[in-house]
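Take a look at the letters that make up each chain.
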Amino acid sequence: MTEYDVIVIGAGAAGLMCAAQAGQRGRRVLVVDHAKKPGRKILISGGGRCNFTNYDVTANNFLCENPHFVKSALAQYSQWDFIGLVATHGVAYHERDHGQLFCDDSAKDIVNLLLAECDQATISQRYRCEVHDIEQEEAGFRLKLNGEPVRCQSLVVATGGLSMPKLGATPFGYQLAEQFGLTVLPTRAALVPYTLHQEDKTRFADISGVSVPCSITTESGVCFSENLLFTHRGLSGPAVLQTSSFWQPGEAVTIDLLPSESLKDVLVAMRDKHPNQTLKTALSRLFPKRLVEVLIARDSLPDKPLKQLDDKQLDQLHHYFHQWSIAPNGTEGYRTAEVTLGGVDTHSISSKTLEARDIPGLYFIGEVLDVTGWLGGYNFQWAWSSGWVAGQHV
Ligand SMILES: Cc1cc2nc3c(=O)[nH]c(=O)nc-3n(C[C@H](O)[C@H](O)[C@H](O)COP(=O)(O)OP(=O)(O)OC[C@H]3O[C@@H](n4cnc5c(N)ncnc54)[C@H](O)[C@@H]3O)c2cc1C
């Protein structure tokens, strides 16, 4: 029977990082994936340019039942370490808003970087490979790869979450965790667009493609200031994706469509200067015209000259645009979600090594764990950090 020191299941971001590290420590490593090639999510990430990390990474950028869990791995292998690796491989990158780092050319650069790191050691890779019948033995694990039995001392589960099943996402990691008696916390699609109730969907259908800067606040009080994008299915854009991780079904979100100014002050100033200007014209100077038209029609805003608007109406308009409340119908789900909330409960995993506390040799890394980053490169940073850390211990 073929024996390895380490078998990594999942040749995604975390799995490749872990394999490269373990291999460079001289461990005999095999990486397996049921997909036909490695890093498929990396390739499509960040619109094809992979937002591979962020200049500003703290534990606050992650959702996890155990909020301290991520700290050790992020400290052991930080964003600066990965940025250093990117520089070593000569990958050109740039910063966008909020410290997000993207490849200049292509997300392929990141996959090539990881494969080059794997090539620095002799790491076996097998694709289109199905994993079955995992059993714990005295000194490791026995499993079948496409029916062939193999053995390893350390088994690393890096099979990711449930988002984008068409790219190969499966619940394999959760099922394996349960097989070994570990708790799996309920999962939910996150970093995902909202869908709308039919009435709202019809009303906003005409402004599909319109994007506005805004702040969105969830009922739990979490607020993100980014762009909101109207789509033919509902609401998307970074502000929506960010809040979706904190939104609960049935809740409304409050949208401030003019987060940096007071609408009342602006309208009063406009009224003083151009008293005969209509409200619609005035609002169209602040917001996309198509959005104004839909909102005026939808909520019967008083489209009359500014001079006819009294204080009460200005207050109502102010409230309307700064605290526009809308209840999503749901989300687009795993089909388009970037990540999965929930997963393998971190309470049973060592934050220092990523090894399951009660199952020596079994490691969980990356998104399969109950660790979900914000939008902005945090999910990859978690994959790099957790993969690197496990790679030092397997
Ligand atoms: C469209 C999109 C864009 C994204 N953009 C960004 C971004 O720009 N920045 C960012 O930080 N994050 C981004 N993410 C999130 C990021 O891709 C993931 O958080 C990250 O890839 C998780 O790494 P992972 O190694 O844990 O899992 P994955 O990268 O998903 O890798 C898991 C691997 O396991 C394999 N696998 C699954 N089941 C089995 C099985 N049963 N047997 C064998 N192999 C299996 C899969 O084929 C896959 O190769 C994006 C996600 C999506 C969907």
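Residues numbered from 1 in each chain as written. Predicted model: local features only at pLDDT ≥ 70, side-chain atom pairs only at ≥ 80, totals over all residues. Heavy atoms only, no water.

(A) Fine view of the pattern of salt bridges. Under the criterion given, the structure shown has twelve salt bridges. Arg151 is the salt-bridge partner of Glu3, the closest N and O atoms lying 3.4 Å from each other. Of the two residues, Glu3 is situated in strand S1 (residues 2-9) and Arg151 in strand S10 (residues 148-157); the sequence distance between them amounts to 148 residues. Overall, Glu3 belongs to the partly exposed group, its relative accessible area being 42%. Ionic pairing is found between Arg126 and Glu148, a salt bridge with its closest N-O pair at 3.3 Å. One end of the pair, Arg126, is in strand S7 (residues 123-126); the other, Glu148, is in strand S10, and 22 residues separate them in sequence. (Salt bridge = Lys/Arg side-chain N within 4 Å of Asp/Glu carboxyl O. Helix = DSSP H or I, 4+ residues; strand = E, 2+ residues; numbered from the N terminus. Buried < 20%, exposed > 50% of the residue type's maximum accessible area, 1.4 Å probe, protein only.)

(B) How the structure looks around a positive patch on the surface. A contiguous patch of positive charge on the surface is contributed by Lys36, Lys37, Lys108 and Arg128. Its location among the elements puts Lys37 in the loop between strand S2 (29-32) and helix H2 (40-44). Lys37 sits in the partly exposed class, given a relative accessible area of 41%. (Patch = residues over 30% accessible without salt bridge, like charges linked within 9 Å, V, L, I, M, F, W, Y side chains within 5 Å. Areas by Shrake-Rupley, 256 points an atom, 1.4 Å probe, with all protein chains shown as cover. Lys, Arg positive; Asp, Glu negative; His and termini not counted. Charge placed at Lys NZ, Arg CZ, Asp CG, Glu CD.)

(C) Region of the structure containing the site of the ligand. Around the ligand sit 30 residues, and of these Ala14, Asp33, Thr170, Glu367 and Phe380 come closest. One of the backbone nitrogen or oxygen atoms of Gly46 is found 3.2 Å away from an oxygen atom of the ligand. A distance of 2.9 Å separates a nitrogen atom of the ligand from a polar backbone atom of Asn51. Breaking the shell around the ligand down by element, the ones donating at least two residues are helix H1 (13-24), H2 and helix H13 (378-393). A breakdown of the residues in the shell around the ligand according to their chemical character gives 13 nonpolar, 13 polar and four charged. (Near = heavy atom within 4 Å. Polar contact = N/O pair within 3.5 Å; in protein donor to acceptor, adjacent residues only side chain to side chain. Nonpolar A, V, L, I, M, F, W, Y, C, P; charged D, E, K, R; others polar.)

(D) Structural context of the domain arrangement of the chain. Looking at the assigned domains, one finds that the chain contains domain 1 (2-189 + 336-393) and domain 2 (194-331). Here the C-alpha centre of domain 2 lies 39 Å away from the C-alpha centre of domain 1. Carbon and sulfur atoms make up 55% of the area that domain 1 and domain 2 hide from each other, which totals about 820 Å². The largest per-residue losses of area from domain 1 upon contact with domain 2 belong to Arg188, Trp374 and Leu375, which jointly make up 54% of the total buried on that side. Summed over the shared surface of domain 1 and domain 2, the result is zero salt bridges. Between the two partners, domain 1 and domain 2, sit two residue pairs in polar contact (both at pLDDT 80 or more). (Domains from an automatic or database assignment. Buried area = accessible area lost by both parts, 1.4 Å probe.)

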